[in-house]
Every structure is written in C-alpha cells, then in structure tokens.
Amino acid sequence: MRKSLIIDPGHGGKDPGAVANGLKEKDINLAVAKLLAENLKKQGFDARLTRSTDVYLTLQQRTDLANKWNADVFVSIHANALPPGRHATGMEIYLMALPTDKDAMELALIENRELAEGNGAESAKAADKKTRMLLSILGDMQQNAKINDSTDFAEYLFKEGSRGGIKMRRVAQAPFFVLRGAAMPAVLIETGFLTEKKEAAMLGSAKYQNTMATSLAKGIAQYLADN
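It should be emphasised that the depicted structure is a prediction, and the values quoted were computed from it without experimental measurement. (Residues numbered from 1 in each chain as written. Predicted model: local features only at pLDDT ≥ 70, side-chain atom pairs only at ≥ 80, totals over all residues. Heavy atoms only, no water.)

Draft legend 1. Looking closely at the side chain of Glu190. Take Glu190: it is sitting in strand 8 (residues 186-193). Within the structure, the side chain of Glu190 is placed 3.5 Å from the backbone nitrogen of Ala79, a separation counted as a polar contact. One polar contact links the side chain of Glu190 to the main-chain amide nitrogen of Asn80, over a distance of 3.2 Å. Beyond its immediate sequence surroundings of up to four residues, Glu190 is in contact with His78, Ala79, Asn80, Gly90, Met91, Glu92, Tyr94, Leu107 and Glu111. (Helix = DSSP H or I, 4+ residues; strand = E, 2+ residues; numbered from the N terminus. Polar contact = N/O pair within 3.5 Å; in protein donor to acceptor, adjacent residues only side chain to side chain. Contact = heavy atoms within 4.5 Å.)

Draft legend 2. Looking closely at the sheet that holds strand 5 (residues 73-80). Reading across the sheet, the six strands line up as 4-1-5-8-6-7 and stay open at both edges, with mixed pairing between neighbours. The open sheet has two edge strands, strand 4 (46-49) and strand 7 (168-174), and neither has a second partner. With strand direction ignored, the average angle separating the axes of adjacent strands in the sheet is 20°. Both strand 6 (residues 91-96) and strand 7 contribute to a ladder of six bridges, which runs parallel. Paired with Met91 across the two strands is Met168, which belongs to strand 7. (Pairing = 2+ DSSP bridges. Axes fitted to C-alpha atoms, helices over the stretch in contact; angles between N-to-C directions.)

Draft legend 3. Quick look at the pattern of salt bridges. Counted by the stated rule, this structure contains ten salt bridges. Put simply, Glu92 and Arg169 hold a salt bridge, and the shortest N to O gap is 2.4 Å. Here the residue Glu92 occupies a position in strand 6, and Arg169 occupies one in strand 7, the gap between them amounting to 77 residues. Here Asp128 and Arg113 are joined by a salt bridge, their closest N and O atoms 2.9 Å apart. In this pair, Asp128 is assigned in helix 4 (residues 121-141) and Arg113 in the loop between helix 3 (102-111) and helix 4, connecting sequence segments 15 residues apart. Relative accessible area serves as the criterion here: at 17%, Asp128 is assigned to the buried category. (Salt bridge = Lys/Arg side-chain N within 4 Å of Asp/Glu carboxyl O. Buried < 20%, exposed > 50% of the residue type's maximum accessible area, 1.4 Å probe, protein only.)

Draft legend 4. Broad picture of empty space enclosed by the protein. One pass over the structure, following the stated rule, counts one cavity of 30 Å³ or more. Size it by volume and the largest cavity reaches roughly 30 Å³. Along its surface, the largest cavity is lined by Leu95, Met96, Lys146, Ser150, Leu179 and Ala186. Of all the secondary-structure elements, those providing two or more residues to the lining of the largest cavity are strand 6 and helix 5 (144-163). (1 Å grid on protein atoms, 1.4 Å probe; cavity = no way out; pocket = protein on both sides within 12 Å on 5 of 7 lines; lining within 4 Å. Points joined across faces, edges and corners; volume = space filled by probe spheres on them.)

Draft legend 5. View of the packing of aromatic side chains. One pass over the full model with this rule turns up three aromatic pairs. Seen from their ring centres, Tyr156 and Tyr223 are 5.3 Å apart, and the 85° between their planes marks the pair as edge-to-face. A residue pair is termed long-range when its members are at least 10 positions apart, and Tyr156 in helix 5 and Tyr223 in helix 8 (residues 206-226) qualify at 67 residues. Within the aromatic cluster, the residues linked to one another by ring pairs are Phe153, Tyr156 and Tyr223. Cation over ring: Lys14 sits above Tyr56, and NZ or CZ is 4.5 Å from the ring centre. Over the ring of Tyr156 we find Lys159, and its NZ or CZ is 5.9 Å from the ring centre. (Phe/Tyr/Trp six-rings, centres within 6.5 Å; stacked < 30°, edge-to-face > 60°. Lys NZ or Arg CZ within 6 Å of the ring centre and 35° of its normal.)

Draft legend 6. Here's a closer look at the environment of Phe176. If you trace the backbone, Phe176 turns up in the loop between strand 7 and helix 6 (177-180). Since its relative accessible area comes to 0%, Phe176 is described here as buried. Sequence separation between Phe176 and His11 is 165 residues; the distance between their C-alpha atoms is 14 Å. Apart from residues no more than four positions distant in its own chain, Phe176 is found in contact with Tyr94, Met96, Leu107, Ala108, Glu111, Asn112, Leu134 and Leu188.

Shown next, in the form of structure tokens:
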C-alpha cells in the first residue's frame, strides 16, 4: 500500500505568521510545502497539502485533515522570528512534548496564539492559558510511543538536511497545538529566521526553497521506507 503524508503550510489567509525583511511567513511556508509535495509525489508517495492557496485554517482543522486522510506522517512547515536584539540562524525541527527549554516554550506560545479568536490581549492570554494546560496534560501523559516515533522521524529529517547543506540548528520539543491531535508521527519545521536579513533572503529565494524541499523529501522518503 502506498505510503501517505500530509504537509501543512503554517498560517495563511488573515494570519500572515511572522513578517520581516519584506517577507510573510505564510508565503514561504506555502512555497516550500508545494515543492515538498511535488517532490514526494514524483517518488510515488501520496502527498497532500492542508492548504494549497492563501486560505486560513485553524490549528485543529490541520490535524483533523491528517487523521481523516489516515496519513503515515504529518509535517507542519513554518518560519521563525526573534525579537529585536536577538539573533539565530538555521532550521529547527520540533515534536510535541514537554519543552526542551525556555526558547522552545516561547515559540510554542507564539505559534499557538492562532487559537485566539480575535486580536486582543485577552484572547492572546486565553490562548496562552490553553498552551499551559496542554503542557500539564503532556506532563501527565508524555504520550511515549508517539513521542519516540516523532523523535525518530525528526532525526531522519535533521540528518538529510545536514547532508543537503542546510544549516540544521536542532531537534527540540515544545507543546504545539497543531501537532496535538495527530494520530501519526508529527513534526513542526521552522525553516529559518525571517528576522535575519541574510537568511530571510535565502528563504525567499526559489533556489533555497528547492534545496530545503529536496533534503526534507529525502528524509521523509527514507523514514517511510524504514518504518
């Protein structure tokens, strides 16, 4: 039976995600996701996108689609950003578990603010409260089997990214809502930092987007072949 996967371009529509150096995260996510799906389809995989245009989907809708389509793996594509005065470069791969460190937790809080129904401070606080509630659930459950599978999957992607010449920063853990409901190994990829001028220029270029898609496709294909 043909292996299947869901590729989720993060953000979209009314939600641009991170915006810096003339780029919107939602556009980068969609471009990379399309190239990744195209690459994997050519290899004979059933690769589907949660969105193929600039539309808004809730975090819940994204994993609901992965479960509905009975995917073997789920990959959510994002781009990172840091506040003024802070700097970092490279690709990061996350799985849903107790946070690796303060930065991982902060990133989850930012990504999970999509849960907020509106743009006010109160709705952002409500979204943060939900993230912290998820954190306590993770502490109770630790979803061991899925965490182990997702960790293995992340390591395949990290290895192929390194081989493909991408600066791989780390594999880390954080409580991301978009990964919460996935019934299969699931990772969230932060392709790079839009707040870094040089890296933003790379992320916006078709050449580097293709490099990322090629390396990630190799990692996904190898993982699915071995598992």
